[in-house]
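Letter by letter, the chains look like this.
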Amino acid sequence: MMAIAVPVQRAQVENLYVEAMVLADEAHAAFAAQRDLGDVRRDGVMQISLACESLKTTTRLMHVIAWLLHRRAMMAGDPGAGPHDSAARIGEPVAADWDVCAGFEASVRRIIAASERLFERIAGLEAGWDAPQAATPVQRLLAQLEARL
């Protein structure tokens, strides 16, 4: 990893952590409002659907937050946080059922979609950070020189 990458990654992790925490607060408020004030109260199937999608969204966000906290710990040099821990991998996404979500208020649908996008961004970062880095031209020249000596 290049020296410049660590501060950039640290800043990305911190910014994403704040974004995830704000989104988790918004999700809590929106799902509670939909449950307590929306049309869901009159429809048992919608209540169950809302509960399921709320659980999926919360789980998705908690996976993101756990991944970010683990990355923070790794960057801080915590010996208990390694790259092979289960928390070091974001895992597979749990997709929302958009046919069910169509019956929710727009604010709830927006939060569900935002949680899916955030999860996808984290998965993309993980894949990019874990991919082997191509050698820079200077590194290639140094390797050639080293091989000749």
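A quick note: this is a predicted structure, and the numbers were derived from the prediction, not measured.

Colleague: Break down the layout of surface pockets for me, with residues and values.
Modeller: Looking at the largest pocket, its volume works out to about 190 Å³. Lining the largest pocket are 14 residues, with His28, Phe31, Ala32, Arg35 and Ser54 positioned closest to its centre. Of all the secondary structure elements, the ones that give two or more residues to the lining of the largest pocket are helix H1 (5-37) and helix H2 (44-75). With seven residues, H2 is the largest single contributor of residues to the lining of the largest pocket.

Colleague: I'd like to hear about the environment of Ala30, residue by residue, with values.
Modeller: Relative to the assigned elements, Ala30 resides in helix H1. Here the alpha-carbon distance between Ala30 and Met46, two residues 16 residues apart in the chain, equals 15 Å.

Colleague: Can you explain helix H5 (residues 137-148)? Please cite residues and give values.
Modeller: Helical geometry note: an α-helix holds 3.6 residues per turn, so side chains three or four residues apart project in the same direction. For H5, with 12 residues, the first-to-last C-alpha span of 17 Å sits near the 16 Å given by 1.5 Å per residue. In terms of burial, H5 is largely open, as just zero of its 12 residues are buried.

Colleague: Provide a residue-level description of the nonpolar core, including the pertinent values.
Modeller: Nonpolar side chains in soluble globular proteins generally cluster together in the buried interior. Val64, Leu68, Phe104, Ile112, Leu118 and Ile122 are the most contacted members of the largest nonpolar core, which totals 30 residues. Counting residues per element, the ones that place at least two in this core are H1, H2 and helix H4 (106-130). Other than its neighbours up to four places away in sequence, Ile122 contacts Leu16, Val64, Trp67, Leu68 and Ile90.

Reading the values: the criteria
Residues numbered from 1 in each chain as written. Predicted model: local features only at pLDDT ≥ 70, side-chain atom pairs only at ≥ 80, totals over all residues. Heavy atoms only, no water. 1 Å grid on protein atoms, 1.4 Å probe; cavity = no way out; pocket = protein on both sides within 12 Å on 5 of 7 lines; lining within 4 Å. Points joined across faces, edges and corners; volume = space filled by probe spheres on them. Helix = DSSP H or I, 4+ residues; strand = E, 2+ residues; numbered from the N terminus. Expected span 1.5 Å × (residues − 1). Buried < 20%, exposed > 50% of the residue type's maximum accessible area, 1.4 Å probe, protein only. Core = buried A, V, L, I, M, F, W, Y, C linked by side-chain atoms within 4.5 Å. Contact = heavy atoms within 4.5 Å.

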